[in-house]
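This is what each chain is made of:
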Amino acid sequence: MTKQESVILKGVAILFMIYGHLFLYPEWGVMYEPLFQINSVSFECLLTRATGPVAFYLLLGGYGMYYIYQKKKEKNQLSRIRNLYINFWVVLLLFVLIGHFLKPDAYPGSFKALLTNATGFNTTYNGEWWFLLPYSLVVLSSYWVFKFVDRFNPLLVIFGSIFGLFSTSFVISRFGSDYLYAYHFRYNLFLYFHLLWDFVIGAMLLRMNFFTLAKCKIKKYLPRNIYVIAALLLLVTIRCFFVTSAVHIFYVVAFITLFLSISRSKIIDSTLSVLGKYSMNMWLIHTCICYYLFRDFIYGFKYPIIIYIAVVVLSLLSAMIVTKIANNIIKLINHYHH
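What you see is a predicted model, and the numbers here were worked out from it, not measured in a lab.

**Some words on the packing of aromatic side chains**
Throughout the structure, instances matching the rule amount to 36 aromatic pairs. Each ring, one from Y66 and one from F146, has its centre 5.1 Å from the other, and the planes form 90°; the classification is edge-to-face. With Y66 in helix α3 (residues 53-72) and F146 in helix α7 (residues 142-149), the pair connects residues that are 80 residues apart, well separated along the chain. Grouping residues by exposure puts Y66 and F146 together as buried. Both rings, one in F95 and one in Y125, keep their centres 6.2 Å apart while their planes meet at 40°; by these two values the pair is tilted.

Listed below in structure tokens is the structure:
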């Protein structure tokens, strides 16, 4: 998998994320016109089972960070996390300013609320920002994690990571509400390990050269592009029938392998590349638009395809603005630092 292919896949992942957050909840089916329903659940809601973008990002993140580790043996990831947080703080500032105008009683709230949101420790403003702090800790510790797992056979590390993933998923599903969600320090620490497993799996897949070898096998057994597309559609369909997320990491690996094996048009790759480039800021922004500030406006479009396109376009345009502002701040900091 090349760097460009990784960016393209992040474009796929952000499309999955926006779709999933728009149509995840069955009870929200009354807010739009579903294509059809199965057992009183909309088709759009069922399809969200095949998204699960967090695992995509973690696997791609681990893959990319391990590539950097192999080339540079770089220990210090502080500048990477600093840049991420600068982008986040620009989003946060704009969110609070617009939120205060629309809902002055809710935003910014107390100084404590502002501080815990700004650090990512307790993201009460936007629940979908939960990922920021534990992911930052995963990146910051990645050098030492990679140095440790390099001592072992990559297959053994993958099996151990899958066991770890199943274990932490079980704990969250069974005991999260009683012992984790209300205890923010404990929960963030637990999430660090929960996110680490997919991240490490991504790294080990690079170490094994998995995707290159798997693509060769697929081209041998599925020589025509239409066969690969059919296999990918079948995979997505099968995933929609699994309620549990326990199998999701296998789905993600299979999806990426098949997707990379498809001969895609330049316009598709170019579009996904743009989305991938801005995907992190789109992640931070999209639920501000569709959940917290403009929900009635967005779902007022009624038809899922229009709702979806509207949020993707608005998130992308907003992400471009945020990225421009953040990059100027980063340049300014770098200028004075050097």
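**So, the state of the cysteines**
Chemically, a disulfide is nothing more than a covalent bond linking the sulfur atoms of two cysteines. Per the stated rule, a full pass over the model turns up zero disulfides. Summary of cysteine pairing: C288 is not part of a disulfide, and the nearest cysteine sulfur, belonging to C290, is at 8.8 Å. The class of C290 is buried, set by a relative accessible area of 0%.

**Quick look at the side chain of T257**
Checked against the element boundaries, T257 lands in helix α12 (residues 248-261). Engagement of the side chain of T257 in a polar contact is seen with the backbone oxygen of V253, the distance being 2.7 Å. Residue contacts for T257: discarding those within four places in its chain leaves F210, F211, A214, K215 and I218.

**Points about the side chain of N188**
On the secondary structure map, N188 appears in helix α9 (residues 184-207). Note on N188: relative accessible area 8%, which makes it buried. Within the structure, N188 has its side chain in polar contact with the backbone oxygen of H184 (distance 2.9 Å). Every residue in contact with N188, bar those within four places of it in the chain, is listed here: G120, F121, L133 and P134.

**What to know about the pattern of salt bridges**
This model, assessed by the stated rule, comprises three salt bridges. When the shortest N-O distance is used, the salt bridge between E5 and K215 registers 3.6 Å. With E5 in helix α1 (residues 3-23) and K215 in helix α10 (residues 210-221), this residue pair connects regions lying 210 residues apart in the sequence. Salt-bridge contacts for D150 lead to R207; the nearest nitrogen and oxygen are separated by 3.6 Å. Here D150, found in the loop between α7 and α8 (154-180), pairs with R207, found in helix α9; they are 57 residues apart in sequence, far enough to count as distant. By relative accessible area, which is 28% here, R207 ends up partly exposed.

**Considering the packing of α3 against α12**
Their axes nearest at 10 Å, the elements α3 and α12 cross at an angle of 65°. Judged by the sense of rotation from one axis to the other, the crossing of α3 with α12 is right-handed. Across the interface between the two elements, A55, F56, L59 and L60 of α3 pack against H248, I249, Y251, V252, V253, F255 and I256 of α12. A per-class count over the contact of α3 with α12 returns ten nonpolar, one polar and no charged.

What counts and what doesn't
- Residues numbered from 1 in each chain as written.
- Predicted model: local features only at pLDDT ≥ 70, side-chain atom pairs only at ≥ 80, totals over all residues.
- Heavy atoms only, no water.
- Phe/Tyr/Trp six-rings, centres within 6.5 Å; stacked < 30°, edge-to-face > 60°.
- Helix = DSSP H or I, 4+ residues; strand = E, 2+ residues; numbered from the N terminus.
- Buried < 20%, exposed > 50% of the residue type's maximum accessible area, 1.4 Å probe, protein only.
- Disulfide = S-S within 2.5 Å.
- Polar contact = N/O pair within 3.5 Å; in protein donor to acceptor, adjacent residues only side chain to side chain.
- Contact = heavy atoms within 4.5 Å.
- Salt bridge = Lys/Arg side-chain N within 4 Å of Asp/Glu carboxyl O.
- Axes fitted to C-alpha atoms, helices over the stretch in contact; angles between N-to-C directions.
- Left-handed = near helix turned anticlockwise from the far one by under 90°.
- Nonpolar A, V, L, I, M, F, W, Y, C, P; charged D, E, K, R; others polar.

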